[in-house]
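Next come the chains, spelled out residue by residue.
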Amino acid sequence: MNYVEVEEAIGLPGLRLVLSAGVPGPWGESAKYILHVKRIPYTAVRQVAGTESEALRRWTGQSNAPIAIYGNEAPRSGWAEILALAERLAPEPTLVPADPELRVRMFGLASEICSERGFGWERRLMLLTALGTGNDVTRTLARRYGFGEAAVAAAPGRTAEILLLLSKQLRAQRALGSPYFVGDRLSGVDLYWAAFALMVEPLGDEQCKLHPRLRESYALRDPAVRAAADEILLEHRDFIYRTHLTLPLDF
């Protein structure tokens, strides 16, 4: 992916999206997928995962990613905020169901994947356990995710609980004849899961080039948690990439 540096991005018009360069961070990848589906152009801005950027903090008030900055509007870093911005910039195709019950279900499932104490958060704690916290990058991430004895101990159980919830929803949808998480069309939660599913099993090296140690840490090895990862979850990921996205990943 072609990136510009923070200092250059500040003066550019339109939508800028701060991303962790060189790694397929699921929060950043899902933001990219939303913009891809909606065909919203953007400028990718370089951030280095697990580091502090004073220039980025001065501009946006923080130094992590993703962050979406549209024109002179306030920066948006939350997954729901970025989705809301994309819906405003390109109302069609919508990724938020019009039906209120489906909308609530979609946002609830997405929160279980993306929010604090969600799937990505808990898997990040498990990843840090595998990688260790012996360097500046992993120590920074450990601070951001509340790495500690109690949090690490709770992460596998919470992860398994969420995987079972997601599998149950997809199984119920399949029984109704739908391949999507809610309703009968693509929504935001489908894209979020496609991005976050690499924390169950990364795509192959020809589709997602990862450092071997990072690939090993991303894969779900805990036997009890892996047992909760119904095969339908990766089938859904593959369907979304095949039908709505492109490969190989570009990060």
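The structure contained in this document is the topic of the report that follows. (Residues numbered from 1 in each chain as written. Predicted model: local features only at pLDDT ≥ 70, side-chain atom pairs only at ≥ 80, totals over all residues. Heavy atoms only, no water.)

## As for empty space enclosed by the protein
In this structure the tally under the stated criterion is 2 cavities of 30 Å³ or more. A volume near 60 Å³ is recorded for the largest cavity. Mapped by element, the contributors of at least two residues to the lining of the largest cavity are α2 (26–38), α9 (188–196) and α12 (231–244). The calculated volume of the second largest cavity comes to roughly 40 Å³. Every residue lining the second largest cavity is listed: Leu15, Leu17, Leu35, Ala68, Ile82, Leu85 and Ala86. Elements with a minimum of two residues in the lining of the second largest cavity: β1 (15–20) and α4 (79–89). Of the residues assigned to the lining of the second largest cavity, the class counts are 7 nonpolar, no polar and no charged. (1 Å grid on protein atoms, 1.4 Å probe; cavity = no way out; pocket = protein on both sides within 12 Å on 5 of 7 lines; lining within 4 Å. Points joined across faces, edges and corners; volume = space filled by probe spheres on them. Helix = DSSP H or I, 4+ residues; strand = E, 2+ residues; numbered from the N terminus. Nonpolar A, V, L, I, M, F, W, Y, C, P; charged D, E, K, R; others polar.)

## Topic: the environment of isoleucine 232
Within the element layout of this structure, isoleucine 232 appears in helix α12. Taking the relative accessible area as the measure of exposure, isoleucine 232 reaches 2% and is therefore buried. On a C-alpha basis, the gap between isoleucine 232 and leucine 170 in space is 7.2 Å, while along the polypeptide they are 62 residues apart. In contact with isoleucine 232, not counting residues within four places along its chain, are Ser167, Leu170, Arg171 and Arg174. (Buried < 20%, exposed > 50% of the residue type's maximum accessible area, 1.4 Å probe, protein only. Contact = heavy atoms within 4.5 Å.)

## With respect to the pairing of strand β2 (residues 43–47)
With 5 bridges joining them, β1 and β2 adopt parallel strand pairing. From the neighbouring strand, leucine 17 faces β2, where its bridge partner is alanine 44. Traced from β1 through α2 to β2, the parallel crossover comes out right-handed. (Pairing = 2+ DSSP bridges. Right-handed = clockwise from strand over helix to strand, strands pointing away.)

## Quick word on the sheet that holds strand β3 (residues 67–70)
The strand order β2-β1-β3 describes an open sheet built from 3 strands, whose pairing is mixed. With partners counted over all chains shown, the strands left at the sheet margins are β2 and β3, one partner each. Taken pair by pair, the neighbouring strands of this sheet meet at an average axis angle of 25°, ignoring direction. Of the strand pairs in this sheet, β1 and β3 are connected by 4 bridges, and their pairing is antiparallel. Following the sheet pairing, leucine 17 is matched in β3 by alanine 68. Across the sheet, α4 is in contact with β1 and β3; its angle to β3 comes to roughly 35°. (Axes fitted to C-alpha atoms, helices over the stretch in contact; angles between N-to-C directions.)

By themselves these figures say nothing about function.
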